[in-house]
Amino acid sequence: MSEHDVRPLAEAEFRDANRVFLSSLHRPAPTDQQWERSTARYEPGRVFGAFRSGELVGTTMALGSSLAVPGGAVLPASAVTGVGVRADHTRRGVLRALMRTQLDDVRDRGEPVAMLHASEAVIYGRFGYGEATRTRTVSLDTHRATLHADAPSGGSIRLLDKAEAGKILPELYRRIVSSRPGTISRSDGWWESRLGVFSGEQMVVAIHTGEDGVDDGFALYEAKMNDYRFDDGTCELQVGDIRGADAVATASLWRFLLGVDLVDRVVVIDRPVDEPLERLLTDRRACRVSSVQDDLWVRLVDVPAALAARGYGTAEPVVVEVRDGFLPENSGSYRIGADGVQRCAAQPQLSMDVDVLASLYLGDVGVSALAAGGRVAVHDPAAVAEADRLFAMTEAPWCGTGF
Ligand SMILES: CC(C)(COP(=O)(O)OP(=O)(O)OC[C@H]1O[C@@H](n2cnc3c(N)ncnc32)[C@H](O)[C@@H]1OP(=O)(O)O)[C@@H](O)C(=O)NCCC(=O)NCCS
């Protein structure tokens, strides 16, 4: 028997796992109502617990999801979440044991990738996860921010309450979501939690309907203020999600949000780093970027399958050596070219750890930048520019979905 026994949890144990996870984040145990709204996220067989002397001391879980990758393919993927170890059991290998069991499970399910959002950037690299997308938070001064006359426009906006929204948002998201690399699917359980336990009572849902009468965009927001006479200039619209099927829907949602009465600032978290928001405005300085952060961390669980599933730019093929200490079956050399990917025995031109490959995978960063940072060993300098062209994307990858 190992020091920590790790096993899939029974449904009756899910609430304990939730409690261990929340306490690791210094959050209180859920109320009955909060728990009821969270349960849909707990998928039997995908929730693991680590036990010490019969007591649950650590947990991790995953949601069945999918990930859009460069070239248009959408891969089955595990969305890992709910990771926490009780404070009196940290730094004794509990997370390592949980990650081992969970990654074996992901591989056995035939999912070539796993993904997560990290509470700290120093935790998951050792398990092969690499930072694969970034996101930015923007803050707009509504007294200055106006869309210019040529910004796309059309259609109409209506507001829904959360109950109505719950009926249409899952289908709307599925229908309008783009094939931008980094996009993930949102299950009905995800929506149930999003519109329930994780949202404030004042959350508003705005829907955009196109000129053709079809709903094609939405935004979720909540107003926060100190002064109910709206006299101190602090009323803020906190926007958690904006999705539009096209430029008209997205610009129309921005125009609407910037025009809501009594609001001084619109703060939007989780936007793509290449969104042309400033280009929509008459005064680009009305938009401040308050942070750019890592977003999705990706683990290539089955490296040959994941590499073969994405598309590549036009360039000479490159032989890349991948080192994977946690899942050693992935270690080896791969010939990567516009015509496909094969394992090979040729001398590698570049060598990198599997977490570095994950950072390249969706196109967020180039090989040259990673080589300059010492994360890629270059055996043939000519291969760097070729690999940059192979992995390059015109659109920045972006997830924008918390889980
Ligand atoms: C992060 C957390 C899950 C780690 O659990 P743990 O059981 O202490 O991790 P382990 O003992 O298995 O550590 C494995 C390795 O990661 C390192 N590590 C773990 N957490 C770390 C952290 N927060 N910062 C730096 N290194 C960390 C350990 O030092 C160890 O290093 P090694 O490979 O060189 O031996 C735990 O500290 C925790 O619950 N934190 C609060 C909640 C949280 O942040 N959860 C993650 C949500 S994404």
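Worth saying up front: this structure is predicted, and the values here are computed from it rather than measured. (Residues numbered from 1 in each chain as written. Predicted model: local features only at pLDDT ≥ 70, side-chain atom pairs only at ≥ 80, totals over all residues. Heavy atoms only, no water.)

**Student:** Would you mind going over the overall build of the chain in detail, with residue names and values included?
**Tutor:** Within the chain, the secondary structure is distributed over eleven helices and 19 strands. Expected size for 403 residues packed as a compact globule is a radius of gyration near 22 Å; at 23 Å, the chain falls within 12% of this value. Judged by the C-alpha coordinates and their principal axes, the chain covers about 65 × 55 × 40 Å. When each of the 403 residues of the chain is scored for burial, the buried share is 51%. Partitioning the contacts of the chain with sequence separation of at least 6, the portion at a separation of at least 24 is 73%. For the chain, the accessible area works out to roughly 17,800 Å², and carbon and sulfur atoms hold 49% of it. (Helix = DSSP H or I, 4+ residues; strand = E, 2+ residues; numbered from the N terminus. Rg over C-alpha atoms; globule rule 2.2 N^0.38 Å. Buried < 20%, exposed > 50% of the residue type's maximum accessible area, 1.4 Å probe, protein only. Contact = heavy atoms within 4.5 Å. Areas by Shrake-Rupley, 256 points an atom, 1.4 Å probe, with all protein chains shown as cover.)

**Student:** Lay out the UniProt feature "active site" (unreviewed entry) in the chain with the relevant residues and their values.
**Tutor:** Sites flagged by UniProt as "active site" (unreviewed entry) map to Tyr 124 and Phe 403. Among the annotated residues just listed, those lining the largest cavity are Phe 403. Inspection of the secondary structure assignment puts Tyr 124 in the loop between β5 (113-116) and β6 (129-131). Among the residues examined, Tyr 124 registers a relative accessible area of 6% and is labelled buried. Residue classification places Phe 403 among the buried residues on the basis of a relative accessible area of 15%. The residues touching Phe 403, leaving out its near neighbours within four places in the chain, are Arg 41, Leu 63, Ala 79, Val 80, Thr 81, Met 115, Leu 116, His 117, Ile 184, Trp 190 and Leu 296. (UniProt positions renumbered as here; feature names shortened; annotations may be inferred. 1 Å grid on protein atoms, 1.4 Å probe; cavity = no way out; pocket = protein on both sides within 12 Å on 5 of 7 lines; lining within 4 Å.)

**Student:** Lay out the nonpolar core in plain terms, naming residues and giving numbers.
**Tutor:** The biggest cluster of nonpolar side chains holds 67 residues, and the ones touching the most others in it are Leu 67 and Leu 169. Sort the elements by how many residues they give to this core and helix α9 (residues 354-361) lands first, with six residues. Counting 25 residues, the second-largest nonpolar core is a separate cluster that includes Val 138, Ala 145, Val 268 and Leu 280. (Core = buried A, V, L, I, M, F, W, Y, C linked by side-chain atoms within 4.5 Å.)

**Student:** Run through the site of the ligand, naming residues and quoting values.
**Tutor:** Within the structure, the ligand sits among 19 residues, and Arg 91, Gly 93, Arg 96, Ser 119 and Glu 120 are positioned closest to it. One of the backbone N or O atoms of Arg 91 is found 2.6 Å from an oxygen atom in the ligand. In the environment of the ligand, a nitrogen atom lies 2.7 Å from a nitrogen or oxygen atom belonging to the side chain of Glu 120. Considered on its own, the ligand offers 890 Å² of accessible surface; in the complex 76% of this is hidden by protein. Every element with two or more residues in the shell around the ligand is listed here: β4 (74-85) and α3 (94-108). Taken together, the residues of the shell around the ligand break down into eight nonpolar, six polar and five charged. (Near = heavy atom within 4 Å. Polar contact = N/O pair within 3.5 Å; in protein donor to acceptor, adjacent residues only side chain to side chain. Nonpolar A, V, L, I, M, F, W, Y, C, P; charged D, E, K, R; others polar.)

**Student:** Go over the domain arrangement of the chain, please, and point to the residues and values.
**Tutor:** How big an interface is tends to be stated in terms of the accessible area lost upon association of its parts. Segmentation of the chain into domains returns domain 1 (5-111), domain 2 (136-294) and domain 3 (302-391). Each of domain 1 and domain 2 has a C-alpha centre, and the two are 30 Å apart. Together domain 1 and domain 2 conceal approximately 1,100 Å² of surface at their shared face, both sides included; 57% is due to carbon and sulfur atoms. Three residues stand out in domain 1 for area buried against domain 2, namely Arg 37, Arg 41 and Ala 68, and they jointly supply 42% of the buried area on that side. Taken together, the links from domain 1 to domain 2 amount to zero salt bridges. Across the domain 1-domain 2 interface, the total number found is five residue pairs in polar contact (both at pLDDT 80 or more). If one sorts the elements of the side of domain 1 that touches domain 2 by residue count, strand β3 (residues 55-68) sits on top with four residues. (Domains from an automatic or database assignment. Buried area = accessible area lost by both parts, 1.4 Å probe. Salt bridge = Lys/Arg side-chain N within 4 Å of Asp/Glu carboxyl O.)

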